[in-house]
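Structural overview
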Amino acid sequence: MKKEQVPQDLGPLGKITKEVCYATDSSGKYTTQLSTGWEVKKEALDVAWQDVEARVANAKQKVLNGEASPVLFFMEYRLMDAGILSDYTGFWRWRIKRHLKPEVFKKLSEKKLQKYADAFNTSVADLKTMTVHEA
Amino acid sequence: MKLDFEHQQSAHCESGVTSSLLRKSSGGKITEPLAFGIGAGLFFCYIPLIKINNGPAIAFRTFPGLIFKRTCNALGIPVVRQKFSSKEKAEAALMQCLEHGQPAGCQVGVYYLSYFPREYRFHFNAHNLIVFGKEDDQYLISDPVMETVTQLSSYELERVRFAKGALAPKGQIYYPGDVATISDEQIRKAIIKGIKNNVNQMLRIPGNFAGVKGIAYTGKKIKRWRDKLGLQKAGSYLAQLVRMQEEIGTGGGGFRYIYAAFLQEGFAYTHQEELLDISKLFTEAGDLWRTAAVHAAGIYKGRLGSQADFDQMGDYLIQVADLEKNAFLALKQIKW
């Protein structure tokens, strides 16, 4: 890639920092060039987030239908799988899977709910109501 | 407290951290491409059964931590690396390090990294940064992918040092042990060692999933993604491939351009003419990865989508595999 060809499309990172790319100058020697982003990878990132949003919306609907507990919603919202959540809370995976059932979730102690709230960086009240404060 | 430390932006976090931590003892000679190449950073791996963020697990670089370790080893520098189970001990060790005047490399997770744009925050735990001071409750951070220095409160730093999930950093800090000045002869030998290491890693690694064979294997798999996964999911998988290849920290072209830069710099120390020609092959490989990415974008944005388009996508990777195989074979044949 030649220095002049380093893409300069404004991506999400470009608003905060430019990134270093390696490219060749007119004599073919490698140098670095700052880039504000590339449309192709911005679109790849968009696809990833669209997938996340679809999963979050799906999880939310399931909770509203009484098919899952708010833990599922926050797992999707925080991009976690049972493994990551297990590491953050200290609960075994099979227990987390049980806590995904609304009837089991309702009976959880305040202490267990607090663990989930901490892992999701939210409060117990917001956990129960699926309230998120971040844009 | 603020140590005498100069922030330098780089393309890739670990090779950038390595270069920065060795700057004083090498007089700035260990540049980012040299650290990447000596650390044998170039790789490819596709692990079919594991999923990351509900997509394929693909890596274009070597396992986290190896670049720093190999670069130091090749230069004969001892590595100090500590992991912690206690958050208090982790912070105490970091402070102690700073009090001794030693900037500390830290492995962190990016999900809760406050200065990163939200779009980039996935549960990725192998990011690297350098802590070089503390003022009140704020740690001074040199994050190699950022243009300028940043700060994290002690709580924020603790949270990213103890991020959970795959490759959990466990508060890890690392830095080079006692270093005398690094001589040009040492660098020359380290370059040769790094190249040999990388040749083995790409050509001789057993199994189908890794090295140049892994690239061709992935190419063959991609041709079947459309039927197997359906158009939408196949598109998401391709988007994940492109993200691993081009996202922040790769220097573009799945690290192939950094490697090409390394070979050029390697020529200055070894005077092997072949390195300059082989460097061009890696530039070509990087360009071809990028062409493939543009094609992939056509698929995940819905402009393309026929089986022929997937076949073409797979063929790009098979072509890359061929190209990189020849490049590494040429490196292997050099008489040092």
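Located above this text is the structure these notes cover.
Residues numbered from 1 in each chain as written. Chains lettered and ligands numbered in written order. Predicted model: local features only at pLDDT ≥ 70, side-chain atom pairs only at ≥ 80, totals over all residues. Heavy atoms only, no water.

Between chain A and chain B, the residue contacts involve 38 residues of the former and 48 residues of the latter. With both sides pooled, the region where chain A packs onto chain B buries about 4000 Å², and carbon together with sulfur makes up 58% of that total. When the area that chain A buries against chain B is broken down by residue, the three leading residues are Tyr22(A), Tyr30(A) and Tyr88(A), summing to 17%. Counting every contact that joins chain A to chain B gives 1 salt bridge. A salt bridge links Glu43(A) to Arg303(B); the nearest nitrogen and oxygen atoms lie 4.0 Å apart. For the interface between chain A and chain B, the tally reads 19 residue pairs in polar contact (both at pLDDT 80 or more). When residues of the side of chain A that touches chain B are traced back to their parent elements, those giving at least two are strand E1 (19–24), strand E2 (30–35), helix H1 (39–64) and helix H3 (82–89) of chain A. Broken down by element, the residue count for the side of chain A that touches chain B peaks at 10 residues, all from H1(A). Across the side of chain A that touches chain B, the residue classes break down as 25 nonpolar, 3 polar and 10 charged. (Contact = heavy atoms within 4.5 Å. Buried area = accessible area lost by both parts, 1.4 Å probe. Salt bridge = Lys/Arg side-chain N within 4 Å of Asp/Glu carboxyl O. Polar contact = N/O pair within 3.5 Å; in protein donor to acceptor, adjacent residues only side chain to side chain. Helix = DSSP H or I, 4+ residues; strand = E, 2+ residues; numbered from the N terminus. Nonpolar A, V, L, I, M, F, W, Y, C, P; charged D, E, K, R; others polar.)

Residues and elements named next belong to chain B. Spatially, the 6 strands line up as an open sheet ordered E3-E8-E4-E5-E6-E7, and their pairing is antiparallel. One side of each edge strand has no neighbouring strand; the edge strands of this open sheet are strand E3 (79–82) and strand E7 (150–153). Taken over all neighbouring pairs, the strand axes of this sheet differ in orientation by 35° on average, direction set aside. Note: E3 against strand E8 (residues 173–176), 4 bridges, orientation antiparallel. Counted as the bridge partner of Val-79 is Pro-176 from E8. Seen against the sheet, helix H1 (residues 13–21) touches strand E4 (104–108), strand E5 (127–135) and E8 and runs at an angle of roughly 45° to E5. Along the sheet, helix H5 (residues 87–99) makes contact with E3, E4, E5, strand E6 (138–142) and E8, crossing E5 at roughly 70°. (Pairing = 2+ DSSP bridges. Axes fitted to C-alpha atoms, helices over the stretch in contact; angles between N-to-C directions.)

Our focus in this paragraph is the nonpolar core. By size, the foremost hydrophobic cluster in this structure holds 91 residues, and its most contacted members are Leu238(B), Tyr259(B), Phe282(B), Tyr300(B) and Leu331(B). At 12 residues, helix H11 (residues 274–300) of chain B tops the list of elements feeding residues into this core. Ignoring sequence-local partners within four residues, the contact set of Phe282(B) consists of Leu42(B), Arg256(B), Tyr259(B), Ala260(B), Leu263(B), Ala327(B), Phe328(B) and Leu331(B). With 67 residues, the next largest nonpolar core counts Phe73(A), Leu100(A), Tyr112(B) and Ile173(B) among its residues. (Core = buried A, V, L, I, M, F, W, Y, C linked by side-chain atoms within 4.5 Å. Buried < 20%, exposed > 50% of the residue type's maximum accessible area, 1.4 Å probe, protein only.)

Let us look at the packing of aromatic side chains. Under the definition given, this model contains 22 aromatic pairs over all chains. Between the NZ or CZ atom of Arg81(B) and the centre of the ring of Tyr174(B), over which it lies, the distance is 4.7 Å. (Phe/Tyr/Trp six-rings, centres within 6.5 Å; stacked < 30°, edge-to-face > 60°. Lys NZ or Arg CZ within 6 Å of the ring centre and 35° of its normal.)

This brings us to the pattern of salt bridges. Close approach of charged atoms allows side chains with opposite charge to pair. Residues and elements named next belong to chain B. Taken as a whole and assessed by the stated rule, the structure comprises 12 salt bridges over all chains. The partner of Lys-29 in a salt bridge is Asp-184, with the nearest N and O atoms 2.7 Å apart. One end of the pair, Lys-29, is in the loop between helix H2 (23–26) and helix H3 (32–38); the other, Asp-184, is in helix H7 (residues 184–204), with 155 residues separating them in the sequence. By relative accessible area, Lys-29 is classed as partly exposed at 34%. Here Asp-184 falls in the partly exposed class, since its relative accessible area comes to 39%. Between Lys-223 and Asp-315 there is a salt bridge, and its shortest N-O distance comes to 2.7 Å. With a gap of 92 residues between them, Lys-223 in helix H8 (residues 211–229) and Asp-315 in helix H12 (residues 307–332) connect regions that are remote in the sequence. The network of salt bridges with common partners includes Glu-185, Arg-188 and Lys-189.

Another point: a positive patch on the surface. Residue and element names in this part refer to chain B. Together, Lys-51, Arg-224, Lys-228 and Lys-233 give the surface a local cluster of positive charge. Relative to the helices and strands, Lys-228 is located in helix H8. Owing to a relative accessible area of 63%, Lys-228 belongs among the exposed residues under this scheme. (Patch = residues over 30% accessible without salt bridge, like charges linked within 9 Å, V, L, I, M, F, W, Y side chains within 5 Å. Areas by Shrake-Rupley, 256 points an atom, 1.4 Å probe, with all protein chains shown as cover. Lys, Arg positive; Asp, Glu negative; His and termini not counted. Charge placed at Lys NZ, Arg CZ, Asp CG, Glu CD.)

How two helices sit against one another is set out by the angle between their axes and by the gap between those axes. Axis separation between H1(A) and helix H9 (residues 231–246) of chain B bottoms out at 8 Å; the angle between their running directions is 130°. As judged from the angle between their axes, H1(A) and H9(B) are oblique. Considering how the two elements wind past one another, H1(A) and H9(B) form a crossing that is left-handed. Seen from H1(A), the contacting residues are Val40(A), Lys41(A), Ala44(A), Leu45(A), Val47(A), Ala48(A) and Asp51(A); seen from H9(B), they are Gln232(B), Ser236(B), Ala239(B), Val242(B), Arg243(B) and Glu246(B). Split by residue class, the contact of H1(A) with H9(B) holds 7 nonpolar, 2 polar and 4 charged. (Parallel < 35°, antiparallel > 145°, perpendicular 65-115°, else oblique. Left-handed = near helix turned anticlockwise from the far one by under 90°.)

This brings us to unusual backbone geometry. Non-glycine residue Met130(A) carries a positive phi angle of around 55°. The topology assignment puts Met130(A) in the segment after helix H7 (124–129). Here Met130(A) falls in the buried class, since its relative accessible area comes to 9%. Although it is not a glycine, Leu167(B) sits at a positive phi angle of roughly 60°.

With that settled, the discussion passes to the pairing of E2(A). By the bridge criterion, 6 bridges tie E1(A) to E2(A) in an arrangement that is antiparallel. When the bridges of E2(A) are listed, Val20(A) appears paired with Leu34(A).

Now for a nonpolar patch on the surface. All names here are of chain B. Taken together, the side chains of Ile-47, Ile-50 and Ile-52 make up a nonpolar region of the molecular surface, amounting to roughly 240 Å² of accessible area. Tracing the sequence through the fold places Ile-52 in strand E1 (residues 42–52). Owing to a relative accessible area of 42%, Ile-52 belongs among the partly exposed residues under this scheme.

Let us now look at the pairing of E1(A). All names here are of chain A. Most of E1 is tucked away: 6 of the 6 residues are buried. In E1, alternate side chains face the same way, and those of Glu-19, Cys-21 and Ala-23 on one face and Val-20, Tyr-22 and Thr-24 on the other are all buried. Once E1 ends, the chain turns through 5 residues before running back antiparallel as E2, passing Gly-28 with a positive phi of about 90°.

Another aspect to go through is the packing of H11(B) against H12(B). All names here are of chain B. Contact geometry for H11 and H12: axes closest at 10 Å, N-to-C directions at 165°. The orientation of H11 relative to H12 falls into the category roughly antiparallel. Note that H11 runs across H12; the crossing there is left-handed. Of the residues assigned to the contact of H11 with H12, the class counts are 20 nonpolar, 4 polar and 3 charged.

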